[in-house]
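Coordinates in review
Residue strings, one per chain:
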Amino acid sequence: MLHSALLNVMIKAARKAGRALKRDFGEVENLQVSLKGPANFVTAADHRSEETLREELTHARPGYGFLGEEGGHREGNDKTHTWIVDPLDGTSNFLHGIPHFAISIALEREGTIVAGLVYNPANDDHFIAERGKGAFLNDRRLRVAGRRRLTDSVITCGLPHHGRGDLALALKEIGAVQDKVAGLRRFGAAALDLAWVAAGRFDAYWEHNLGPWDIAAGVLLVREAGGYATDLDGGETPHRTGDIIAGNETIHNELRRLLQATAKT
């Protein structure tokens, strides 16, 4: 499949950073049994991945701004374009030797996400999308699942990390949703949760208190796969508010109504 020049830039950067992450991931298994453990090693791998991505993307598009999870925002001469990058989404999975993690790259143009990539180096899955051109997994066109009832749906969600976020609200939401759906999952990588919604593997996903790098690429993937991705109030820029619900139109709306009602109780 032929890709645009823009996607080629993103794919090249992700593959280069991904090669190093895959090598580092192999080393994590050896470190699991050491007294010190792999935490410092993984933190270094995360920072190296972001620096590789920044170098590659900046070399290809020198004027663009760059917003990374680790390094923060760096303005470019071109104020209309910003890369939004998570160099290692699913850090806890990576840390524990679980092969469910990803590199996430999105390009924002004048406030709109126009291209997105989510890449899992562990299995070489490339999820890509451009605005108006569809979403793809390894060159196969993606569509969100077509289920119309929550009782038939498998939903994924996030949970607050220890000491962060509203655990009481999360537990209340999980209790309300689990009673209405076929299954509830928590996989620990927001970018891949969204990519899997786009691929029809999950029927919907919701989470609170995320960074733009966690979800910017995934939001576009879901939308280009025919789905809906908004914040919990229905706003169209969840990567700015940090709260997200994604799924096909029916399940997205049903889940949003359920969560809104739960928040009021």
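Every value quoted in this text rests on a predicted model; they were computed, and no experiment measured them.

1. Examining the pairing of strand E5 (residues 112-120)
Across the nine residues that make up E5, a large majority, eight, are buried. Judged from the seven bridges that link them, strand E4 (residues 102-109) and E5 form a sheet pairing that is antiparallel. Residue pairing in the sheet places Ser 104 in a bridge with Val 118 of E5. Hairpin connection, E4 to E5: the antiparallel pair is bridged by two residues, and Glu 110 has positive phi, about 50°. Pairing between E5 and strand E6 (residues 125-130): six bridges, direction antiparallel.

2. Some details on the pattern of salt bridges
A complete count under the given rule lists eleven salt bridges for this structure. Notably, a salt bridge pairs Arg 240 with Glu 108, separated by 2.7 Å at the nearest N-O pair. One end of the pair, Arg 240, is in helix H7 (residues 238-241); the other, Glu 108, is in strand E4, and 132 residues separate them in sequence. For Arg 240, a relative accessible area of 53% puts it in the exposed group. Of the charged contacts, one joins Lys 180 and Asp 179 as a salt bridge, the two residues approaching to 3.7 Å between their closest N and O atoms.

3. Structural notes on the packing of aromatic side chains
The full count for this structure, using the stated rule, is seven aromatic pairs. For the ring pair Tyr 64 and Trp 83, a centre distance of 5.8 Å and an interplane angle of 45° mean the geometry is tilted. Placement of the pair is Tyr 64 in strand E1 (residues 64-68) and Trp 83 in strand E3 (residues 78-89), with a sequence separation of 19 residues. The same class applies to Tyr 64 as to Trp 83, namely buried. Ring geometry for Phe 187 and Phe 202: centres 5.3 Å apart, planes at 65°, overall edge-to-face. In this pair, Phe 187 is assigned in the loop between strand E10 (183-185) and helix H5 (190-198) and Phe 202 in the loop between H5 and strand E11 (204-207), connecting sequence segments 15 residues apart. A relative accessible area of 30% means that Phe 187 is categorised as partly exposed. What links up through ring pairs into an aromatic cluster is the set Phe 25, Phe 94 and Phe 101. Over the ring of Trp 196 we find Arg 201, and its NZ or CZ is 4.9 Å from the ring centre.

4. With respect to the packing of H5 against helix H6 (residues 212-224)
Two numbers describe how H5 lies on H6: the axes approach to 8 Å, and their chain directions differ by 0°. By the angle between their axes, H5 is roughly parallel relative to H6. Every residue of H6 that contacts H5 at Ala 190, Ala 191, Leu 194, Ala 195, Val 197 and Ala 198 is listed here: Asp 214, Ile 215, Gly 218, Val 219, Leu 221 and Val 222. Class assignment for the residues of the contact of H5 with H6 results in ten nonpolar, one polar and one charged.

5. Quick word on the side chain of Ser 153
Tracing the chain through its elements places Ser 153 in the loop between strand E8 (140-141) and strand E9 (154-157). On the basis of relative accessible area, Ser 153 is assigned to the buried category, the value being 0%. There is a polar contact of 2.9 Å between the side chain of Ser 153 and the backbone oxygen of Arg 149. What Ser 153 contacts, discounting residues up to four positions off in sequence, is Arg 147, Val 181, Ala 182, Gly 183, Asp 203 and Ile 251.

Cut-off values and rules
Residues numbered from 1 in each chain as written. Predicted model: local features only at pLDDT ≥ 70, side-chain atom pairs only at ≥ 80, totals over all residues. Heavy atoms only, no water. Buried < 20%, exposed > 50% of the residue type's maximum accessible area, 1.4 Å probe, protein only. Helix = DSSP H or I, 4+ residues; strand = E, 2+ residues; numbered from the N terminus. Pairing = 2+ DSSP bridges. Salt bridge = Lys/Arg side-chain N within 4 Å of Asp/Glu carboxyl O. Phe/Tyr/Trp six-rings, centres within 6.5 Å; stacked < 30°, edge-to-face > 60°. Lys NZ or Arg CZ within 6 Å of the ring centre and 35° of its normal. Axes fitted to C-alpha atoms, helices over the stretch in contact; angles between N-to-C directions. Parallel < 35°, antiparallel > 145°, perpendicular 65-115°, else oblique. Contact = heavy atoms within 4.5 Å. Nonpolar A, V, L, I, M, F, W, Y, C, P; charged D, E, K, R; others polar. Polar contact = N/O pair within 3.5 Å; in protein donor to acceptor, adjacent residues only side chain to side chain.

So far we have only geometry, and geometry alone does not tell us how the molecule works.
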